[in-house]
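Secondary and tertiary structure notes
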Amino acid sequence: MRRWFAVQLSIIVPTYNEAPNVGELVRRVAAATEGIDAEIVFVDDSSDATPDEVVRVAASAPLPVRLIHRARRRGGLGGAVLEGLEAAEADACLVMDGDLQHPPEEIPALWQRFRRGDVDVVVASRYVGGGTSGGLADRTRVLVSKASTGLTRAMFPIRLKDVSDPMTGFFLIDRRTVDTETLTPRGFKILLEILARRSLRVAEVPFDFATRHAGESKASVRQGVHFLTQLTALRFGKMSLFAVIGGLGALVNLAIMWGLTHAGVDYLVAAIIAAETTIIGNFLLQERFVFQDMTGAASGVWSRFAKSFAFNNAEALIRIPIIALMVETWHFSAVVAAAITLVFAFVLRFVFHSLVVYAPQRVGEVSPARHFLDELDAQAMSPGEL
Ligand code: GDD
Ligand code: MN
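Residues numbered from 1 in each chain as written. Chains lettered and ligands numbered in written order. Predicted model: local features only at pLDDT ≥ 70, side-chain atom pairs only at ≥ 80, totals over all residues. Heavy atoms only, no water.

**With respect to the coordination of the manganese ion (ligand 2)**
- The manganese ion (ligand 2) binds to the protein through Asp99 (OD) and Gln101 (OE1), with metal-donor distances spanning 2.0 Å. Gln101 carries the same exposure label as Asp99, and that label is buried. (Donors = N, O, S within 2.8 Å, 3.2 Å for Na, K, Ca; no water. Buried < 20%, exposed > 50% of the residue type's maximum accessible area, 1.4 Å probe, protein only.)

**Digging into the packing of helix α8 (residues 238-262) against helix α11 (residues 334-357)**
- The interhelical angle for the contact between α8 and α11, taken along N-to-C directions, is 120°, at an axis separation of 11 Å. With respect to α11, the element α8 is oriented oblique. In this structure, α8 crosses over α11, and the sense of that crossing is right-handed. Taking contact as the criterion, the partners of Lys238, Met239, Phe242 and Ala243 in α8 are, on α11, Phe346, Val347, Arg349, Phe350 and His353.
- Taken together, the residues of the contact of α8 with α11 sort by class into six nonpolar, one polar and two charged. (Axes fitted to C-alpha atoms, helices over the stretch in contact; angles between N-to-C directions. Helix = DSSP H or I, 4+ residues; strand = E, 2+ residues; numbered from the N terminus. Parallel < 35°, antiparallel > 145°, perpendicular 65-115°, else oblique. Left-handed = near helix turned anticlockwise from the far one by under 90°. Contact = heavy atoms within 4.5 Å. Nonpolar A, V, L, I, M, F, W, Y, C, P; charged D, E, K, R; others polar.)

**Section: the domain arrangement of the protein**
- What the domain assignment reports for the protein is domain 1 (9-218) and domain 2 (237-381).
- Put simply, the middle of domain 1 and the middle of domain 2, counted by C-alpha atoms, are 39 Å apart. (Domains from an automatic or database assignment.)

**Observations regarding the site of ligand 1**
- With respect to spatial proximity, 28 residues lie near ligand 1, and among them Glu18, Asp97, Met167, Lys189 and Lys218 are the closest.
- Lys218 is positioned such that a nitrogen or oxygen atom in its backbone is 2.5 Å from an oxygen atom of ligand 1.
- If ligand 1 stood free it would expose 740 Å²; the protein chains cover 98% of that surface.
- Where the shell around ligand 1 is concerned, the elements lending two or more residues are β1 (9-15) and α3 (76-87).
- Ranked by residues supplied to the shell around ligand 1, first place goes to α3 with three residues.
- Class assignment for the residues of the shell around ligand 1 results in 10 nonpolar, eight polar and 10 charged. (Near = heavy atom within 4 Å. Polar contact = N/O pair within 3.5 Å; in protein donor to acceptor, adjacent residues only side chain to side chain. Areas by Shrake-Rupley, 256 points an atom, 1.4 Å probe, with all protein chains shown as cover.)

**Some thoughts on the sheet that holds strand β4 (residues 92-95)**
- As summarised here, the arrangement of the seven strands in space is β3-β2-β1-β4-β6-β5-β7, forming an open sheet in which the pairing is mixed. A single partner strand is all that each edge strand has here, and the edge strands are β3 (65-69) and β7 (202-206). Adjacent strand axes in the sheet meet at a mean angle of 20°, parallel and antiparallel pairs treated alike.
- Note that β1 and strand β2 (residues 38-44) share seven bridges and pair parallel. Residue Thr15 lies in a different strand from β2, and its bridge partner there is Asp44.
- Sitting on the sheet, helix α2 (residues 50-59) is in contact with β1, β2 and β3, with an inclination near 160° to β3.
- Strands in contact with α3 are β1, β2, β3, β4 and β6 (171-174); relative to β1, the strand with the most contacts, it is inclined by about 155°. (Pairing = 2+ DSSP bridges.)

**Examining the pairing of β6**
- With burial as the criterion, each face of β6 is covered, one bearing Phe171 and Ile173 and the other bearing Leu172 and Asp174.
- Pairing of β4 with β6 involves four bridges; the strand directions are antiparallel. Along β6, the bridge assignment pairs Ala92 with Asp174.
- Pairing of strand β5 (residues 121-125) with β6 involves three bridges; the strand directions are antiparallel. Within the sheet, the bridge partner assigned to Val121 lies in β6 and is Ile173.

**So, empty space enclosed by the protein**
- All chains considered together, the criterion is met by one cavity of 30 Å³ or more.
- What the largest cavity holds in volume is close to 30 Å³.
- Of the residues that constitute the lining of the largest cavity, the class distribution is six nonpolar, one polar and one charged. (1 Å grid on protein atoms, 1.4 Å probe; cavity = no way out; pocket = protein on both sides within 12 Å on 5 of 7 lines; lining within 4 Å. Points joined across faces, edges and corners; volume = space filled by probe spheres on them.)

**A word on a nonpolar patch on the surface**
- Judged by side-chain polarity, Leu325, Trp330, Phe332, Val336, Ile340 and Phe344 come together as a nonpolar surface patch covering roughly 590 Å² of accessible area.
- Those elements that place two or more of their residues in the nonpolar patch are α10 (301-330) and α11.
- The element contributing the most residues to the nonpolar patch is α11, with three residues.
- When you line up the elements, Phe332 lands in the loop between α10 and α11. (Patch = residues over 30% accessible without salt bridge, like charges linked within 9 Å, V, L, I, M, F, W, Y side chains within 5 Å. Salt bridge = Lys/Arg side-chain N within 4 Å of Asp/Glu carboxyl O.)

**Here's the deal with the side chain of Asp99**
- Along the chain, Asp99 turns up in the loop between β4 and α4 (107-115).
- For Asp99, the side chain forms a polar contact with the side chain of Arg212, separated by 3.2 Å.
- Not counting residues within four places of it along the chain, the set of residues in contact with Asp99 comprises Glu18, Asn21, Arg212 and His213.

Here it is as structure tokens:
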């Protein structure tokens, strides 16, 4: 057994029901890291026998093998990687899948590149000279992977200029360059999140994406939706997602109005039903996709709903007399007046939701004004520059 202290390289393996792969993975990693003081940290969310298997294999492994079994699957794969980075012994952290699609035999290549000391991250890429993506399950996955990689690179042309494969889950990073506090991992694409938020020095090495050793993939359409919201939020900040949901809500509102009035419902009753339905629908979508990373620290869901509901109703009530005022006394056209109030209402609604509805419960010692500005900045501005 190698020494437990002075670990040079921590290998972080997120696992979700990978029991049949653990033994083979540890065996091949151990063989590949001969001569490197490495440890393996499994960050596990499994409901199968994976944790028992890790403990069993660890007992006879030639390198330290640790298990972090999480009670809650917070942040999914991305959340697991972050926990691994925090728990690692070494600052040099290599992240790889637990299903052997990332060949352990490539570890020395990543390690040697990293040891040159001129970069913060070494990315194992499927799309750089010599790399392949043969292990992707089928033509659809290949297409989805290529299209999303292209889209992502187009959206971050500067941050990702040296990165051909920002969606890979196989990379070696100096964890001191990762601001774990501000990352909000969602689903699978943790590397993208890291690279989009900060400008890091990146090198790539090619690798062949293999087929799964055993078990099945956890990728899903749900992960795809996660990815798209993550991309939008990273690029444009929360405000744009908020706007997209608001816009969808407006369309649904009109559709309900149309349906109800055609069914003979009085237009005022129809307007009220449409407005309230949209307010509730928007709240649920925003909980799920815009402010999901803030619900943990905020007040309870009913309290959030009450604030949001009250705000939106008050806003609708106040907007109408303001439009009247603008039309009657300032002679705006009704449409222009409505448009101006809608834009104001939108900004106000966003500010109110991010600073009041989803406010963390304890503010600490910072002055309220400073806190307000910091929060507004953090919420509204996009994290990366072009
Ligand atoms: N702890 C934890 N929690 N691990 C998870 C979770 C989770 O919720 N979901 C998936 N994993 C683990 C799996 O057990 C596996 O070790 C690894 O994350 C990758 O999951 P797969 O189910 O094998 O996903 P994939 O093969 O479709 O995705 C791989 O390829 C993508 C590129 O196409 C991953 O490497 C991605 O990171 C990569 O982006
Ligand atoms: Mn896989």
